[in-house]
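Letter by letter, the chains look like this.
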Amino acid sequence: MADETTSPYGTGAAKPPATPTKRIRTHHLREMKERGERFAMLTAYDMYTAATFDEAGIEVLLVGDSASNNVYGNETSLPVTVDELLPLTRAVSRSVKRALVVGDLPFGSYQASPEQGYLTAVRFMKEAGAHCIKLEGGAEMAPVIEKCTQGGIPVMAHIGFTPQSEHTLGGYRVQGRGDAADRVLRDAHAVEGAGAFAVVLEMVPGEVAAQVTKELTIPTIGIGAGADCDGQVLVWQDAFGLRTGRMATFVKQYADVHGVLLDAARAYADEVRAGTFPGPEHTF
């Protein structure tokens, strides 16, 4: 049984309480995998959602390049820049007490060379207070992962469908079907060998993700990769219903935040127009 020095939740906790007792570190995720415990990861881009998810006991918060779509209004993740992601990451890092904060390296900020990747990662750690970084790519990104880890920066890898490569991959398509499963397995072992502390598996067949999870000693985090991964991640606006419209098959919606905000905004506007707000109790 884990003790206080190894478990982020304290002695003998079978399941994490709503308020864990200490900061989640990268090694805690590996220890959870060894104990057969699952963990949750969500995106966050601002102080209030970050603090709320932290209070809920979410172990990992990703300040994803998905901010491109969900904060800045772009159609894809490609346009977002380092300078746009740093202040979002800083806000999240300042607002949590327990969660592990992951800074996501955007397209074009690390692919040119290991040195470029390391210098970008340093900015996320020094300027934004990230606890680690994430980057996309398999075996071809092993030198970048090695450079970062050797320089003291923990790296979360991301393989399978990699949104920054959507044009190369032919759009949003499941990766690893049939003979292509071997590529996913090779990439998984390559990023582990390069020093990654965890790996995201996106839009990978469930049986392939299960095999990767079985073969690796580092945790796997699934998004559209079945139930056998060690952790799961979703974009919070999708999972909690702030975004409307068609959702990916792997998204489950747990709330209708859009509906709640819409009703509240309409009620506020109606009271202002009717002259019932502000009332005497809101007036000095």
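Reading the values: rules and limits
Residues numbered from 1 in each chain as written. Predicted model: local features only at pLDDT ≥ 70, side-chain atom pairs only at ≥ 80, totals over all residues. Heavy atoms only, no water. UniProt positions renumbered as here; feature names shortened; annotations may be inferred. Buried < 20%, exposed > 50% of the residue type's maximum accessible area, 1.4 Å probe, protein only. Helix = DSSP H or I, 4+ residues; strand = E, 2+ residues; numbered from the N terminus. Pairing = 2+ DSSP bridges. Right-handed = clockwise from strand over helix to strand, strands pointing away. Axes fitted to C-alpha atoms, helices over the stretch in contact; angles between N-to-C directions. Contact = heavy atoms within 4.5 Å.

Looking up the chain in an unreviewed UniProt entry gives the name 3-methyl-2-oxobutanoate hydroxymethyltransferase, with the organism given as Nocardioides bigeumensis. Under the UniProt heading Catalytic activity (unreviewed entry), the entry covering the chain gives this text: "(6R)-5,10-methylene-5,6,7,8-tetrahydrofolate + 3-methyl-2-oxobutanoate + H2O = 2-dehydropantoate + (6S)-5,6,7,8-tetrahydrofolate". Entered under Function (unreviewed entry) in the UniProt record, the comment concerning the chain runs "Catalyzes the reversible reaction in which hydroxymethyl group from 5,10-methylenetetrahydrofolate is transferred onto alpha-ketoisovalerate to form ketopantoate."

Another point: the pairing of strand β5 (residues 155-160). Summarising burial for β5: six of the six residues are buried, a large majority. For strand β4 (residues 132-136) and β5, the ladder comprises four bridges, and the chain directions are parallel. Within the sheet, the bridge partner assigned to K134 lies in β5 and is M156. Crossover β4 to β5 through helix α6 (residues 142-150) is right-handed.

As a further point, take the sheet that holds strand β1 (residues 39-43). Strand order in the closed barrel formed by eight strands is β1-β2-β3-β4-β5-β6-β7-β8, and the pairing between neighbours is parallel. Neighbour-to-neighbour, the strand axes of the sheet open up by a mean angle of 25°, direction not taken into account. Pairing between β1 and strand β8 (residues 231-234): four bridges, direction parallel. Paired with L42 across the bridge in β8 is L234.

Mapped onto this structure's residue numbering, the UniProt feature "active site" (unreviewed entry) falls at E202. Locating E202 in the fold gives a position in strand β6 (residues 198-202). The residues touching E202, leaving out its near neighbours within four places in the chain, are H158, I159, G160, F161, P163 and I223.

What follows deals with the side chain of S77. Following the sequence through the fold, S77 ends up in the loop between α3 (67-70) and α4 (82-95). Judged by relative accessible area, which is 4%, S77 ranks as buried. What S77 contacts, discounting residues up to four positions off in sequence, is D65, S68, N69, P163 and Q164.

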